[in-house]
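An overview of the molecular structure
Below are the chains, spelled out letter by letter.
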Amino acid sequence: MLFAGPGDVTSRKTMGGARLDQAGAVFGILHTDKYLHLKRAGPMRARPGAMGCARWTYARPQAGRETRMPCRRLPDPALDDPAEAAAMARAALAHP
């Protein structure tokens, strides 16, 4: 399991995908764009940019603009490394 390290991870449908949380704290979204996005909070604020993780954005045609979400895509190497994915999930959960 990719997120075996952070503890019991649950999910529920949201925003056209699935929200991931641990003990009621949301830390990620599996979106219909087929990417896993982690919340950019706490220690994750600096990490994703340095790792080249793309920020999650989506088009809002009715508003004529793009919306930037406070999440970053999980980097491809972490998808094959459960320890790294779990460390990133813990970092996303470690915010006040």
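Details of the structure are given in the entry above.
Our subject in this report is the structure included herewith. (Residues numbered from 1 in each chain as written. Predicted model: local features only at pLDDT ≥ 70, side-chain atom pairs only at ≥ 80, totals over all residues. Heavy atoms only, no water.)

What follows is about the sheet that holds strand β6 (residues 65–73). Spatially, the six strands line up as an open sheet ordered β1-β2-β3-β4-β6-β5, and their pairing is antiparallel. Looking at the sheet topology across the chains shown, the edges are occupied by β1 (9–14) and β5 (55–60). The average undirected angle you get between the axes of adjacent strands in this sheet is 40 degrees. Against the sheet, helix α3 (residues 82–93) touches β2 (17–22), β3 (25–30) and β4 (36–39), its axis set at about 130 degrees to β3. (Pairing = 2+ DSSP bridges. Helix = DSSP H or I, 4+ residues; strand = E, 2+ residues; numbered from the N terminus. Axes fitted to C-alpha atoms, helices over the stretch in contact; angles between N-to-C directions. Contact = heavy atoms within 4.5 Å.)

Here we take up the nonpolar core. With eleven residues, the main nonpolar core is built from Leu20, Phe27, Leu36, Leu38, Leu74, Ala78, Ala85, Met88, Ala89, Ala92 and Leu93. Of all the secondary-structure elements, those providing two or more residues to this core are β4 and α3. The biggest single contributor to this core is α3, with five residues. (Core = buried A, V, L, I, M, F, W, Y, C linked by side-chain atoms within 4.5 Å. Buried < 20%, exposed > 50% of the residue type's maximum accessible area, 1.4 Å probe, protein only.)

With that out of the way, let us pick up the side chain of threonine 67. For threonine 67, the position within the fold is in strand β6. With a relative accessible area of 13%, threonine 67 lands in the buried category. Excluding anything up to four places from it in sequence, threonine 67 contacts Trp56, Thr57, Tyr58 and Arg60.

The next point concerns the packing of aromatic side chains. Two numbers describe a pair of aromatic rings. These are the distance of the centres and the angle of the planes. The full count for this structure, using the stated rule, is zero aromatic pairs. A cation over an aromatic ring shows up here: arginine 73 above the ring of tyrosine 35, its NZ or CZ 4.1 Å from the ring centre. (Phe/Tyr/Trp six-rings, centres within 6.5 Å; stacked < 30°, edge-to-face > 60°. Lys NZ or Arg CZ within 6 Å of the ring centre and 35° of its normal.)

This part takes up the pairing of β2. Pairing of β1 with β2 involves six bridges; the strand directions are antiparallel. In the strand pairing of β2, valine 9 is matched with glutamine 22. Between β1 and β2, which pair antiparallel and follow one another directly, the connecting turn spans two residues, one of which, methionine 15, has a positive phi of 45 degrees. When β2 meets β3, the two strands line up antiparallel, connected through five bridges. Note on β3: the bridge partner recorded for leucine 20 is glycine 28. Taking the residues that link successive antiparallel strands as the turn, the β2-β3 hairpin has two residues, and the phi of alanine 23 there is positive, at about 55 degrees.

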